[in-house]
Amino acid sequence: MASADQDPYYLAEQEVASSVRGLMSLHETWKNLIFNTNTYTDKEFRWTSRELRKLIATLTENIDDIHDTIKICEKFPAKYNISSDEIEKRKSFVRDVRAKIGEVTRDFDDPQYNRKIEDDKSKELLSNERRTNIEKSSRFEGLRRAHEEDNNDFLREQAGMQQKLIEEQDQGFDMLHDQVRDLGEMGKAMESELKLQGGILDRLEHRAMKSSATLASVMRKLDRFMEQTSSKLQWTIIAILAIIFIILVVLSSTILKKK
């Protein structure tokens, strides 16, 4: 009979046994999560379900391989030096593993578990308000109300958008009114300023005309005076008058700039 150190079956058996313990522990966790969480949204439940299915597939493949080796040993017992008791013991191990795999697999198809999973999915997909309406009325009545609510939501949204648009337009009109009012006030201010400037120009024109008349009178008097005075005295007076004229011109220019 082959020893445990020489026969690879024992190593495979240990690995399978360890995987079976992990399978059963994960199975218990899976059953607890079903009734204590929302299976549709709980990430741990989804992960556990995936790992269980992968572990079942791996264990099934491994136990099938072990079963094939047992059949070969059973067919040629003398060649492998394995007793009938040992073969029966290995068959029993295979049956136990298959039974545990079957137990987990059946729970995946259990109506009670599947109903809980489907209920969680339905509750999550329906809003609280719509779920309440559907529970209070028939299925078709609930769907009709849900459709009406969708239409009402759409109409309320459109009405809100229109109201917002009207408010924005009102704000735009208010701003335009303020701008027009400011322009009107600016126009009035410009009109007052133009009237003021016109008055100043009129006064300057009056002063210029008055100064021109005065200057003409002075020039006439000067001509008469020049006719009555000597040539040397005339040139002296002309020079003095020229200086006075220049001073007047400078003063007039200065006054105009200040205005």
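Everything discussed here concerns the structure shown above.
Nothing here was measured: the structure is a model prediction, and the numbers come from that model. (Residues numbered from 1 in each chain as written. Predicted model: local features only at pLDDT ≥ 70, side-chain atom pairs only at ≥ 80, totals over all residues. Heavy atoms only, no water.)

1. Re the packing of aromatic side chains
In plain terms, the rule: Each Phe, Tyr or Trp ring (for Trp, its six-membered ring) is paired with any other whose centre lies within 6.5 Å, and the angle between the two planes then decides the class: stacked below 30 degrees, edge-to-face above 60, tilted in between. Think of it this way: any DSSP run of H or I at least four residues long counts as a helix, any run of E at least two long counts as a strand, and we number them from the N terminus. A 1.4 Å probe rolled over the protein chains alone gives each residue an accessible area, and that area as a share of the maximum for its type sets the label: buried under 20%, exposed over 50%, partly exposed in between. For a lysine, the NZ atom is tested; for an arginine, the CZ atom; a charge sits over a ring if that atom is within 6 Å of the ring centre and within 35 degrees of the ring normal.
Going through the model one piece at a time under the given rule, you end up with five aromatic pairs. The interplanar angle of 65 degrees and the centroid separation of 5.0 Å between the aromatic rings of Trp30 and Phe108 together place this pair among those described as edge-to-face. Of this pair, Trp30 sits in helix α1 (residues 8-36) while Phe108 sits in helix α4 (residues 84-108), and the two are 78 residues apart along the sequence. For the pair Trp30 and Phe108, a shared accessibility class is recorded, and that class is buried. Through pairs of rings, three or more aromatic residues link up here, namely Trp30, Phe35, Phe45, Phe108 and Tyr113. A cation over a ring is seen here: Arg90 above Tyr9, with NZ or CZ 3.9 Å from the ring centre. Its end group placed over the ring of Tyr10, Arg90 keeps NZ or CZ at 5.3 Å from the ring centre.

2. Examining a nonpolar patch on the surface
Quick reminder of the rule: Only residues above 30% relative accessible area that lack a salt bridge enter a patch, with like-charged residues linked at up to 9 Å and the nonpolar side chains Val, Leu, Ile, Met, Phe, Trp and Tyr linked at up to 5 Å. For the accessible areas, the method is Shrake-Rupley and the probe is 1.4 Å, while residue cover comes only from the protein chains on display. One side-chain nitrogen of Lys or Arg within 4 Å of one carboxyl oxygen of Asp or Glu is enough to make a salt bridge.
On the surface, Ile240, Ile243, Ile244, Ile247, Leu248 and Leu251 cluster together into a nonpolar patch covering about 540 Å² of accessible area. Secondary-structure assignment places Ile243 in helix α8 (residues 231-258).

3. Concerning the pattern of salt bridges
Enumeration over the complete set of coordinates arrives at 10 salt bridges. Its salt-bridge partner being Glu88, residue Arg95 comes within 3.2 Å of it at the nearest N-O pair. Residue Arg95 is classed as partly exposed on the basis of its relative accessible area, which comes to 45%. Residue Lys116 pairs with Asp120 through a salt bridge whose shortest N-O separation is 2.6 Å. On the criterion of helical spacing, the pair formed by Lys116 and Asp120 is a turn pair, its members being four residues apart in helix α5 (residues 111-125). Exposure class is identical for Lys116 and Asp120. Each is buried.

4. What to know about the packing of helix α2 (residues 43-75) against α4
Put simply, the rule is: Here the axes come from fitting lines to C-alpha atoms, over the contacting stretch only for helices, and the angles between their N-to-C directions go from 0 to 180 degrees. These descriptions rest on fixed angle ranges, namely under 35 degrees for roughly parallel, over 145 for roughly antiparallel, 65 to 115 for roughly perpendicular, and the rest for oblique. Crossing chirality is assigned from the near helix's rotation relative to the far helix, an anticlockwise turn below a right angle marking it left-handed and a clockwise turn marking it right-handed. Any residue that is not Ala, Val, Leu, Ile, Met, Phe, Trp, Tyr, Cys, Pro, Asp, Glu, Lys or Arg is counted as polar, Gly included; the first ten are nonpolar and the last four charged.
Following both chains from N to C, one finds α2 and α4 inclined at 155 degrees, their axes separated by 10 Å at the closest point. The angle between the axes of α2 and α4 places the two elements in the roughly antiparallel class. The handedness of the crossing between α2 and α4 comes out as left-handed. Of the residues in the contact of α2 with α4, the class split is 14 nonpolar, four polar and six charged.

5. Regarding α4
Formally: Here, expected helix span is obtained from the residue count minus one, scaled by 1.5 Å. Throughout, a contact is declared for two residues whenever any of their heavy atoms are within 4.5 Å.
With 25 residues, α4 should cover 36 Å at 1.5 Å per step; its first-to-last C-alpha distance of 36 Å lies within 8% of that length. Within α4 the residues assigned to the buried category are Glu86, Ile87, Arg90, Phe93, Val94, Val97, Ile101, Gly102, Val104, Asp107 and Phe108. Next to the buried residues of α4 lie α1, α2 and α5.

6. Comments concerning a negative patch on the surface
Condition: In this count, Lys and Arg are taken as positive residues and Asp and Glu as negative ones, while His and the chain termini are left out. Every charge is mapped onto a representative atom, which is NZ of Lys, CZ of Arg, CG of Asp or CD of Glu.
Together, Glu167, Glu168, Asp170 and Asp174 make up a negatively charged patch on the protein surface. By the secondary structure assignment, Glu167 is in helix α7 (residues 139-228).

7. Structural notes on the environment of Thr41
The topology assignment puts Thr41 in the loop between α1 and α2. Overall, the relative accessible area of 37% leaves Thr41 in the partly exposed class. Not counting the four nearest positions on each side in its chain, Thr41 is found in contact with Arg46 and Glu124.

8. Quick look at the side chain of Thr48
Among the secondary structure elements, Thr48 is positioned in helix α2. A residue is classified by how much of its surface remains accessible, and Thr48, at 1% relative accessible area, is buried. For Thr48, the residues in contact, after removing those within four places along its chain, are Leu26, Trp30 and Leu33.

By themselves these figures say nothing about function.
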